[in-house]
Amino acid sequence: MDLNIIWFILVTVLFIGFFFLEGFDYGVGILMPLLSKDDSERRAVINTIGPHWDGNEVWMITAGGALFAAFPHVYATLFSGFYLALVLMLVALILRGLAFEYRSLRDDPVWRNRWDWAIFGGSLVPALLWGVTVGNLMRGFAIDADMNYWGGLIPLLNPYSLLAGLVFVALFTAHGANFLALKLEGALAERARKFGFQAWMAATVLAVLFLIWTFFATDIMVQGFIFALLAAVALLAAGWYAKQGNDKLAFVMTSLTVVFTTIMVFAGLFPRILISSLDAAYTLDIYNASASPYALKVMTIVAAIFVPVVLIYQIWTYKVFSGRIKADPETLIY
Amino acid sequence: MDATILARWQFAIVTIYHFFYVPLTLGLAIFIAIVETKYVRSGNEMYKKMAKFWGKIFLINFAIGVVTGIVQEFQFGMNWSEYSRFMGDIFGAPLAIEALLAFYMESIFIGLWIFGWDKLTKKQHLAAAWLVAIGSNLSAIWILIANSFMQNPVGYTIDPETGRVLMSNFAALVFNPNVMLQFPHVLFAGISLAGFVVMAFSAWHLLRKHEVKFFLTSFRMAAMYALIGSVLVATIGHFQGQFLIEHQPLKMASAEALWETEQPAPLSMFAIINEKEQKNTVDIGIPAMLSFMSYNNFTDEVEGIIDLQAQAEAEYGPGDYIPPVTLNYWGFRAMVGSGSLMMLIALLGVYWGKKDDLVDKTLFLKAVVYSAILPYIAVSTGWILAETGRWPWIVFGLQKVEDAVSPNVPAWNVALSLVLMLVIYTVFTIVAYKLAIKYGTGEIKESSH
């Protein structure tokens with residue numbers, strides 16, 4: 001196996017980590033204003049991810065950095081080509097991050113209400129846009145011979161990719177609801193289960209449509225079919241366990257759905273990364289878009305040492321903050 | 001306006017804003033870790049309250065530093081895709097390593113620090129504080145390794161086929177002599193800035209004779225911290241100047257508005273600059289001082305902009321190699337002037353802080369409150385010099401700014417994002433500033449959450 005393949009796998013792993021962790025993070029953010037009835041309930045919902053959201057978001061940053069380091073042309077083509085979408089996403093992420101930290105700093109309902117909407121929008125918009133991005137990656141877009149995409153935002157908002165965006169939103173919402181069902185108590189957890197099941201139904205319907213469309217409109221299923229199947233099974237199992245009231249396994253199953261969906265996408269693309277819809281010769285793959293063998297070697301050594309270290313302390317953090325959070329103003333940390 | 005100019009404005013705006021927050025994160029993280037170490041060692045609850053009180057200011061600042069940092073990472077690909085392709089081998093690696101080594105560490109341990117007071121043992125919590133401090137400073141090292149290549153390229157070859165920069169020696173990249181100067185310069189800038197912010201809020205409370213013991217202790221620690229930081233940042237800055245004379249002579253010559261080669265060269269104190277005619281209509285300086293600052297003797301020749309421009313044309317072909325002279329001349333003076341005032345104020349703070357009648361020195365305390373602006377002026381003008389002084393290069397000697405911009409992003413897109421970012425950054429900087437004032441001038445709480 002050459003280093004280009006290793007880095008393709010590593011980028012896949014980073015996106016798995018990103019979608020798995022930020023998946024429930026975004027879901028929690030989307031659900032926060034919908035589930036909670038008063039300020040301490042909202043705080044309880046936020047605190048389920050309070051210590052974690054920033055570390056979770058670093059998976060996205062690292063995935064971006066890894067693309068830059070290992071496949072600089074992919075980074076350059078994707079980020080310049082999807083310019084306006086990324087501007088919108090950056091605005092959303094700025095609002096969201098600030099909201100988590102600034103919301104409680106004033107005891108003013110208007111102030112808090114504004115930040116609540118920032119959390120909602122700041123979670124919904126990136127979830128949708130990442131879905132749209134993934135949809136376009138699967139379908140390909142008009143990359144020219146110089147590896148540039150000139151089409152602007154509108155062609156990226158095609159029905160197929162928008163459907164992918166909706167799948168992401170629904171799936172992440174269900175995933176987030178399952179996380180909340182695990183982390184909250186009493187009526188609030190009950191509401192999370194209820195919303196979670198509705199989101200799960202929406203995700204299932206959308207996912208079925210999306211998989212069928214994918215089968216006909218792309219070649220992702222040629223190599224990705226088995227993972228699509230696993231993702232579908234996990235999604236169905238998630239609903240079944242949610243119905244049984246088994247919070248833990250329901251969460252495990254939406255996690256697996258996210259993981260297998262991500263693998264499906266990357267396995268379907270391999271060895272391509274950005275498909276050109278103009279000419280297959282213009283497609284960016286793990287060889288024509290990569291950094292030099294020397295740079296890849298250096299980065300492989302760094303990743304081999306530090307990815308496990310990061311995993312150890314990040315998992316430890318989740319252990320420290322394990323257990324359910326009560327919507328009780330006496331015990332909540334603001 | 002074309003996309004390149006807009007993209008440059010956008011980069012300048014988001015980067016200067018981002019660097020309002022970064023140095024406070026760097027310096028205050030270490031300050032808080034020191035305070036918490038005192039708490040764990042002595043068991044004195046006051047130090048715990050201090051860690052929490054200054055921790056609140058830290059968090060307000062850290063949050064906006066984090067979210068503006070995402071823009072920093074994305075915009076190379078978004079606005080500077082040709083740069084990203086050209087430099088991917090060199091620039092991507094430190095950026096990815098920064099995320100892997102530093103961002104995870106600071107982001108995860110800050111979560112433990114905020115929410116972990118009752119969940120962790122004292123020592124674990126202290127470890128979290130130090131890991132946040134180490135993580136944020138590691139982040140500075142890696143981004144400065146990336147920036148240092150742009151200032152002083154090392155450890156690379158040029159791909160004969162594609163013309164791209166290829167990494168050939170990772171160790172050379174990491175141990176770039178520019179990093180060895182730039183990192184400590186930034187680190188001590190952060191330390192002095194954090195010292196001034198803590199001093200300023202402490203002085204505000206001392207003026208009102210409010211919680212005197214708590215804020216006198218904070219003031220004393222911060223004054224010493226600011227003194228160490230500002231003296232070292234200036235000392236290292238001096239050696240950076242000497243390094244620049246050798247490696248980026250046009251940057252230094254423009255910062256001194258030295259048009260003609262002179263032997264010995266005077267150090268200009270005040271100049272009215274005419275960039276068009278390439279001369280200073282008024283120039284008051286200290287004779288031979290620039291020679292001394294540059295080469296440690298009063299006799300050496302210092303090359304001027306006009307000669308250096310001719311040399312650059314001979315080496316790189318025809319073109320304009322002169323950085324914005326007026327901007328750099330006054331920016332440099334603003335930086336050095338602020339730094340000098342900071343050393344003086346920090347020294348007085350250490351000296352008067354030892355005495356118990358500090359609370360009665362109201363004039364000095366008032367000056368300290370307002371002096372918190374000085375390090376912000378210094379860090380902003382410092383970066384403006386470092387980045388605009390490289391003109392016309394984005395990567396010194398290798399790629400020009402005009403060749404680096406994304407060809408496929410239309411000007412109106414950049415204009416839109418520029419306006420959006422400017423508005424958002426300005427609004428949230430005001431919000432963060434107001435929150436910092438609210439908490440920095442607020443009550444000390446047992447639980448600051």
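Since the model is a prediction, treat every value here as computed from it, not as a measurement.

A. How the structure looks around the overall build of chain B. For chain B, the helix and strand inventory stands at 14 helices and 6 strands. For chain B, whose C-alpha radius of gyration is 23 Å, the value lies close to the compact-globule estimate of 22 Å for 449 residues. By its C-alpha atoms, chain B is 65 × 50 × 40 Å across when sized along the principal axes. With 449 residues in all, chain B has 62% of them scored as buried. Pairs at least 24 residues apart make up 78% of the contacts formed inside chain B by residues separated by at least 6 positions. Total accessible area on chain B is roughly 17300 Å²; 66% of this is exposed by carbon and sulfur atoms. If the 29 positive side-chain charges of chain B are averaged to one point and the 34 negative ones to another, these points end up 19 Å apart.

B. Representation of the interface of chain B and chain A in the model. Contact residues are listed per partner, giving 73 residues for chain B and 69 residues for chain A. Buried area between chain B and chain A, summed over both chains or domains, comes out near 6200 Å², and the portion from carbon and sulfur atoms is 75%. Ranking the residues of chain B by area buried against chain A places B:R85, B:Y104 and B:F115 at the top, with a combined share of 13%. Linking chain B to chain A there are 0 salt bridges.

C. Inspection of the side chain of B:S406 at higher detail. With respect to the helices and strands, B:S406 occurs in the loop between β6 (399-400) and α14 (411-440). A distance of 3.0 Å separates a polar side-chain atom of B:S406 from the backbone nitrogen of B:S81.

D. Seen up close, unusual backbone geometry. All names here are of chain B. Backbone torsion omega between Q263 and P264 reads -10 degrees, so that peptide bond is classified as cis. Relative to the elements of secondary structure, P264 occurs in the loop between α8 (249-255) and β3 (267-274). With an omega of 5 degrees, the peptide bond between W391 and P392 qualifies as cis. When you line up the elements, P392 lands in the loop between α13 (373-388) and β5 (393-395). Despite not being glycine, N296 has its phi angle at roughly 65 degrees, a positive value.

E. A look at the nonpolar core. Ranked by internal contacts, the top residues of the largest apolar core, which has 267 residues, are A:F71, A:Y102, B:W54, B:Y83, B:M87 and B:F219. Per-element accounting of this core gives the leading share, 21 residues, to helix α3 (residues 81-115) of chain B. What B:Y83 contacts, discounting residues up to four positions off in sequence, is B:F76, B:G88, B:F91, B:M150, B:I394, B:V395, B:Q399 and B:A404. Formed by 14 residues, the second largest nonpolar core is a distinct cluster that contains B:L250, B:L308, B:I322 and B:Y329.

F. Here's a closer look at a nonpolar patch on the surface. Residue and element names in this part refer to chain B. A contiguous nonpolar patch, built from M269, F270, I272, V282, I284, I286 and W330 and spanning about 600 Å² of accessible area, is present on the exposed surface. Those elements that place two or more of their residues in the nonpolar patch are β3 and β4 (279-286). Locating I272 in the fold gives a position in strand β3. Relative accessible area serves as the criterion here: at 41%, I272 is assigned to the partly exposed category.

Here is what the cut-offs are and how they apply
- In this numbering scheme, every chain counts its residues from 1 along its sequence in written order.
- Key to labels: chains lettered from A, ligands numbered from 1, both in the order written.
- Where totals are concerned, whole chains, interfaces and linings use all residues; where local detail is concerned, this predicted model gives features only for residues with pLDDT of at least 70, and gives and counts side-chain atom pairs only at 80 or more.
- Each side-chain value is derived from all of the structure's non-hydrogen atoms; neither hydrogens nor water enter the calculation.
- The helix count covers DSSP runs of H or I at least four residues long, the strand count covers runs of E at least two residues long, and both are numbered beginning at the N terminus.
- Here the radius of gyration uses the C-alpha set of atoms, whereas the globule reference equals 2.2 Å times the residue count to the power 0.38.
- Relative accessibility thresholds used throughout: buried, under 20% of the residue-type maximum; exposed, over 50%; partly exposed, between the two (1.4 Å probe, protein chains only).
- Note on contacts: a residue pair is in contact if any heavy atoms of the two residues lie within 4.5 Å.
- Only the protein chains shown count as covering a residue, and every accessible area follows the Shrake-Rupley method with a 1.4 Å probe.
- In this tally, Lys and Arg are treated as positive and Asp and Glu as negative; His is ignored, and so are the chain termini.
- Each charge is placed at NZ for Lys, CZ for Arg, CG for Asp and CD for Glu.
- As used here, buried area is the combined drop in accessible area, with a 1.4 Å probe, of two parts when they are placed together.
- Between Lys or Arg on one side and Asp or Glu on the other, a salt bridge is scored when a side-chain nitrogen of the former is within 4 Å of a carboxyl oxygen of the latter.
- Whenever two N or O atoms come within 3.5 Å, that pair is a polar contact, provided that in protein one can donate a hydrogen and the other can accept it, and provided that, for residues adjacent in sequence, both atoms are side-chain atoms.
- Throughout, nonpolar core names a set of buried Ala, Val, Leu, Ile, Met, Phe, Trp, Tyr and Cys residues whose side chains join them through atoms within 4.5 Å.
- Without a salt bridge and with relative accessible area above 30%, a residue can belong to a patch; like charges are then joined within 9 Å and nonpolar side chains (Val, Leu, Ile, Met, Phe, Trp, Tyr) within 5 Å.

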